[in-house]
Amino acid sequence: MTNRLAGAMSPYLRSHAEQPVDWYPWGPEAFEEAARRDVPLLVSIGYSTCHWCHVMARESFADERIAELLRRDFVAVKVDREEHPDVDASYLAAAGAFTRELGWPLNVFVTPRGHVFHAGTYSPPVPLRGHPSFPQVLEAVRVAWTERREDVVASADGLARAIAEAMTAPEDASVPASADLDAAVEIIEGLEDPESGGFGTAPKFPMAPVFDFLLTPREGEAARRGVDLAQRTLRTMGASALRDPVEGGFFRYAVNRDWTEPHYERMLTDNALLLTAYARAWAERPSPWAATVATGIAGFLIDTLQQPSGGFGSAQDSESVVDGVRSEGGYYRRDVHGRGTLAPPAVDRKVLSGWNGLAIGALAEASTVLDRPEWLEAARWAADAVVENHLLPDGTLARASLDEQRSGAAAALEDYGMLAAGLVRLGLATGQVRYAELARDLVERCLPEGSGAEASGAGAPTAVAGFVLPGGGDPVLAAHGTRVDGDPSEGAYPSGISALGQASLLLYQLSADGRFRAAAEGAVRFAASAALRVPTAFGASLGLAASLAEPASQLVVVAPDHVRADESEDRVTAARAMRDAVRTRRDAVVTVVTDQEAAAWAAAGFGLFAERTSRDGLPTAYLCHDFVCRLPVTDVAALDPR
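Predicted, not measured: the structure shown is a model, and the values here were computed from it.

We now examine the overall build of the protein. Looking only at helices and strands, one finds 23 helices and 18 strands in the protein. For a compact globule of 642 residues, the expected C-alpha radius of gyration is about 26 Å, and the protein comes in at 25 Å, within 12% of that figure. Taking the principal axes of the C-alpha coordinates as reference, the protein spans close to 85 × 60 × 45 Å. Among the 642 residues that make up the protein, the fraction classed as buried is 58%. Considering only contacts in the protein between residues 6 or more positions apart, those separated by 24 or more positions represent 68%. Carbon and sulfur atoms make up 52% of the accessible area of the protein, which totals about 25000 Å².

Structural data, given as structure tokens:
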């Protein structure tokens, strides 16, 4: 039989389309049906490369007996957390009241008003080692709903109110000073595993956003120790079982402390952030291991995740069929010769605006650092595809698409911030100002004066940390009063607020527009208290704080528009030396543009490029610190080291 998920855009939802469960996709219809029948809803949240989601799908959701229980007593809703990150964030916040073991699949039971009254993760089909079976969970929830309704509803409503109060914006803290950031480095140092490397014990995660902080250039002994720690950790990870040595790319996490027994899915987010980290590690201290790992990650992104449309799919599965049996990790455990006979695990081809922004920025930056122009072309192709397909006529973004079919899901703050930051980095790498202009438009839409925040009602934008979400986010959550505005957490990748803060700071460093610096500072203040307490959970916020803590170093190199055929060998050599020197610079802004491109940037309002021209037919470097610039130089030896 085929249920309502057959026509869904999400591959994860479509994988449940042939199950006997009477699934609804996320939307108001499911809640209307629950109210009509006077039954609760099961909202089951997962994603296509989630191993335990696969297991529960096979064991429980494909079982006719369990499906009958769900049809009889519930309205069942299936959600792809990658398509609806705001739904996932809202229900994760509520699920924390019922279980400390948060993860996916996340199965929450909610009233027809959308308020959670019970939640859990994976449940086996039969009782197992003290854990109740899924049918037992369903029966307990049914009994509670039918026999203790008043208490259940009161508890659910109370939890919704408590979460709403807890999620209000905290009082503004100050932007962390250098001493605060030094203390955060010390906390992270204390979490280093002295035996196996990385942070903590087991399971062992890459914690990719932490490297954004540790590798942000700062002065002082603590900052230098942070760089040492980042270099050590990245080298250890690159040599561990967490990395696929054949196709490149990193797995999601390792079960054991020594990085063995990986959880084999490969995520776009992890690998985009780690590509940036390894490229910056190489720029800081050029080493073969960093270049090798970065090259492998870029190869995985381009060869495996990039789609025919140009956009990047969200992940590659951990499971595939090996020797006729479905296996988790069996494909990845083969060597290069054994892989040629195997079909690779499936890729979730869903293109997400924000996650693509991470990959676009990573490939653009790494292409410059490691002199790989083909990576830049891949980034440009992806950017053009996402802009063409996801940027709507009114200037807002779509969250997701598959084969150029757009999802109806609302874009999240992370989509605006991550895509904007990626487009700025692409503009700096290509010299094309149009990408920075697109980024500026996206960020301005998230500032109150550019968002239509004067609208009122349940779906109106709400300002959090100085940003608003155009359109107000998911309308179902808004109607239920369960929308989580401005979640600052940064588990595997930057929060929407820190991503917008990073994009804002880049725009400020190019334009000197104080609105953007104020926006970046607001993003830092929003998470500052929590970030300084638990720095490994707020690496991107701390990286942004570190960038704000000291004057930004900006380097613009302007080259002649054309190189004459009769140029002297000395001039060609000098030009090549200047470009090579720029590759390893760790300034906040580094770009090489032609005279014509510099004029275009300046005309577009990016003041850093005003009156920047080449001199004497040579690439000419302009080194500035917060827009206070030194005299231009054409000799690379005259540049300050960075």
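Given a rise of 1.5 Å per residue, 13 residues ought to cover 18 Å, and the 19 Å separating the end C-alpha atoms of helix α17 (residues 433-445) matches this to within 8%. Of the residues making up α17, those classed as buried are V433, Y435, A436, A439, R440, L442 and V443. Contacts from the buried residues of α17 go to α15 (373-390), α16 (413-430), α19 (496-511), α20 (514-533) and α23 (595-603).

Another point: the packing of aromatic side chains. Following the criterion strictly, the structure yields 19 aromatic pairs and no others. Grouped by ring-pair contacts, the aromatic residues F251, Y264, Y331 and Y332 constitute a single cluster. Taking the ring centre of Y47 as reference, the NZ or CZ of R81 above it sits at 5.6 Å. The residue whose ring lies beneath R81 is W104, and the NZ or CZ to ring-centre distance is 3.8 Å.

Each packed pair of helices is defined by two parameters, the angle between the axes and the distance between the axes. The interhelical angle for the contact between α20 and helix α21 (residues 539-549), taken along N-to-C directions, is 125°, at an axis separation of 9 Å. Between α20 and α21, the interaxial angle falls into the category oblique. Judged by the sense of rotation from one axis to the other, the crossing of α20 with α21 is left-handed. Residues R517, A520, E521, A523, V524, A527, A531 and L532 of α20 form the contact with α21, whose participating residues are S541, L542, L544, A545 and L548. Its residues assigned to classes, the contact of α20 with α21 comprises ten nonpolar, one polar and two charged.

Looking now at empty space enclosed by the protein. Going through the model one piece at a time under the given rule, you end up with five cavities of 30 Å³ or more. Looking at the largest cavity, its volume works out to about 280 Å³. Along its surface, the largest cavity is lined by 23 residues, and L273, T276, L358, R425 and Q502 are the ones closest to its centre. When residues of the lining of the largest cavity are traced back to their parent elements, those giving at least two are α9 (209-214), α11 (268-284), α14 (353-369), α16 and α19. When the residues that make up the lining of the largest cavity are grouped by side-chain class, the tally is 13 nonpolar, six polar and four charged. Considered as a void within the structure, the second largest cavity measures approximately 130 Å³ in volume.

This part covers the sheet that holds strand β18 (residues 628-629). Spatially, four strands are ordered β16-β15-β17-β18 in an open sheet, and the strand pairing comes out mixed. Lying at the two open borders of the sheet, with one neighbouring strand each, are β16 (589-594) and β18. Two strands pair when backbone bridges link them, and strand β15 (residues 553-559) and β16 are joined in this way by six bridges, in the parallel orientation. Across the sheet, residue A559 finds its bridge partner in β16, namely T594. Across the sheet, α23 touches β15 and β16, and the angle it forms with β16 is around 120°.

Linking two cysteines covalently via their sulfur atoms produces the bond known as a disulfide. Counting across every chain of the model gives two disulfides. Sequence-ordered numbering of the bonded cysteines in the protein gives a pairing of 1-2, 3-4.

Take the pattern of salt bridges next. Taken as a whole, this structure holds 46 salt bridges when the rule is applied. Residue D38 pairs with R149 through a salt bridge whose shortest N-O separation is 3.0 Å. With D38 in the loop between α2 (28-37) and β2 (41-46) and R149 in helix α7 (residues 149-166), the pair connects residues that are 111 residues apart, well separated along the chain. Given the relative accessible area of 41%, D38 is considered partly exposed.

Thresholds, definitions, all that
Residues numbered from 1 in each chain as written. Predicted model: local features only at pLDDT ≥ 70, side-chain atom pairs only at ≥ 80, totals over all residues. Heavy atoms only, no water. Helix = DSSP H or I, 4+ residues; strand = E, 2+ residues; numbered from the N terminus. Rg over C-alpha atoms; globule rule 2.2 N^0.38 Å. Buried < 20%, exposed > 50% of the residue type's maximum accessible area, 1.4 Å probe, protein only. Contact = heavy atoms within 4.5 Å. Areas by Shrake-Rupley, 256 points an atom, 1.4 Å probe, with all protein chains shown as cover. Expected span 1.5 Å × (residues − 1). Phe/Tyr/Trp six-rings, centres within 6.5 Å; stacked < 30°, edge-to-face > 60°. Lys NZ or Arg CZ within 6 Å of the ring centre and 35° of its normal. Axes fitted to C-alpha atoms, helices over the stretch in contact; angles between N-to-C directions. Parallel < 35°, antiparallel > 145°, perpendicular 65-115°, else oblique. Left-handed = near helix turned anticlockwise from the far one by under 90°. Nonpolar A, V, L, I, M, F, W, Y, C, P; charged D, E, K, R; others polar. 1 Å grid on protein atoms, 1.4 Å probe; cavity = no way out; pocket = protein on both sides within 12 Å on 5 of 7 lines; lining within 4 Å. Points joined across faces, edges and corners; volume = space filled by probe spheres on them. Pairing = 2+ DSSP bridges. Disulfide = S-S within 2.5 Å. Salt bridge = Lys/Arg side-chain N within 4 Å of Asp/Glu carboxyl O.

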